[in-house]
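Single-letter residue listing:
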Amino acid sequence: MGYLADEVAFNSGSVPCQSVRPAGGSCYALEYQPAGEYLFLFTRSGEHLTPCWRPLGPTNEQIRGDDDPWLTWVREHLAEDPGTAGRPPLP
């Protein structure tokens, strides 16, 4: 669920941010730039995955390509704690 928007919506906080990006008018950021890239942080909800698990939290961040600080942070944390077996490898 979401809406297309013309404005970029990068989170201005330092990584890892503690709050939703500017497009988060409700509990979750729902606006997406058509050509934008986004990092979704999912959790399991029953048999499905959802980014809507932390109200006003940074669960779907707009990023600036492969060297974005968010991607670096996620890669470092997954390297420290790879979690369950069977997860696809990082790019």
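Conventions we followed
Residues numbered from 1 in each chain as written. Predicted model: local features only at pLDDT ≥ 70, side-chain atom pairs only at ≥ 80, totals over all residues. Heavy atoms only, no water. Helix = DSSP H or I, 4+ residues; strand = E, 2+ residues; numbered from the N terminus. Buried < 20%, exposed > 50% of the residue type's maximum accessible area, 1.4 Å probe, protein only. Contact = heavy atoms within 4.5 Å. Areas by Shrake-Rupley, 256 points an atom, 1.4 Å probe, with all protein chains shown as cover. Core = buried A, V, L, I, M, F, W, Y, C linked by side-chain atoms within 4.5 Å. Phe/Tyr/Trp six-rings, centres within 6.5 Å; stacked < 30°, edge-to-face > 60°. Expected span 1.5 Å × (residues − 1). Arc of directions from axis to C-beta. Polar contact = N/O pair within 3.5 Å; in protein donor to acceptor, adjacent residues only side chain to side chain. Patch = residues over 30% accessible without salt bridge, like charges linked within 9 Å, V, L, I, M, F, W, Y side chains within 5 Å. Salt bridge = Lys/Arg side-chain N within 4 Å of Asp/Glu carboxyl O.

Now for the overall build of the protein chain. When helices and strands are counted, the protein chain shows one helix and six strands. In the protein chain, the succession of α and β elements from N to C terminus is β-β-β-β-β-β-α. Here the protein chain, with 91 residues, has 32% of them falling under the buried criterion. Within the protein chain, residue pairs in contact and separated by at least 24 positions form 55% of the contacts whose partners lie at least 6 positions apart. With the model as given, the accessible surface of the protein chain reaches about 6300 Å², and the carbon-plus-sulfur share is 56%.

On to the nonpolar core, then. Considering soluble globular proteins, one finds that nonpolar side chains tend to be buried as a cluster. Listed in full, the seven residues of the largest apolar core are Cys17, Leu39, Leu41, Ile63, Trp70, Leu71 and Val74. It is helix 1 (residues 69–80) that provides the largest number of residues to this core, a total of three residues. Excluding residues within four positions of it along the chain, Leu41 makes contact with Thr50, Pro51, Trp53, Pro58, Thr59, Trp70 and Val74.

Attention now goes to the packing of aromatic side chains. Enumeration according to the criterion identifies four aromatic pairs in this entry. When the ring of Tyr32 is compared with that of Tyr38, the centres are 4.9 Å apart and the planes differ by 80°; the resulting orientation is edge-to-face. Take Tyr32 and Tyr38: they sit in the same class, and that class is buried. Taken together through their ring pairs, the aromatic side chains of Tyr32, Tyr38, Phe40 and Phe42 make up a single cluster.

Taking 1.5 Å per residue, 12 residues should reach 16 Å; helix 1 reaches 17 Å between its end C-alpha atoms and fits that length. Within helix 1 the residues assigned to the buried category are Trp70, Leu71 and Val74. Buried residues of helix 1, seen end-on, are gathered within an arc of 95° and therefore sit on one face of the element. Every exposed residue of helix 1 that faces more than 90 degrees away from the buried side is listed here: Ala79 and Glu80. The distance from a side-chain oxygen at the start of helix 1 to the backbone nitrogen of Trp70 is 2.8 Å, and the residue carrying that oxygen is Asp68.

Take a nonpolar patch on the surface next. A cluster of nonpolar side chains, namely Phe40, Phe42 and Leu49, defines an oily patch on the protein surface of about 290 Å² accessible area. Tracing the backbone through its elements, the reader meets Leu49 in strand 5 (residues 48–50).

In this fold, Thr50 is placed in strand 5. Look at Thr50 and you get buried, because its relative accessible area is 18%. Within the structure, the side chain of Thr50 is placed 3.0 Å from the backbone nitrogen of Cys52, a separation counted as a polar contact. In this structure, Thr50 is in contact with Leu41, Phe42, Thr43 and Ser45, ignoring residues within four places of it in sequence.

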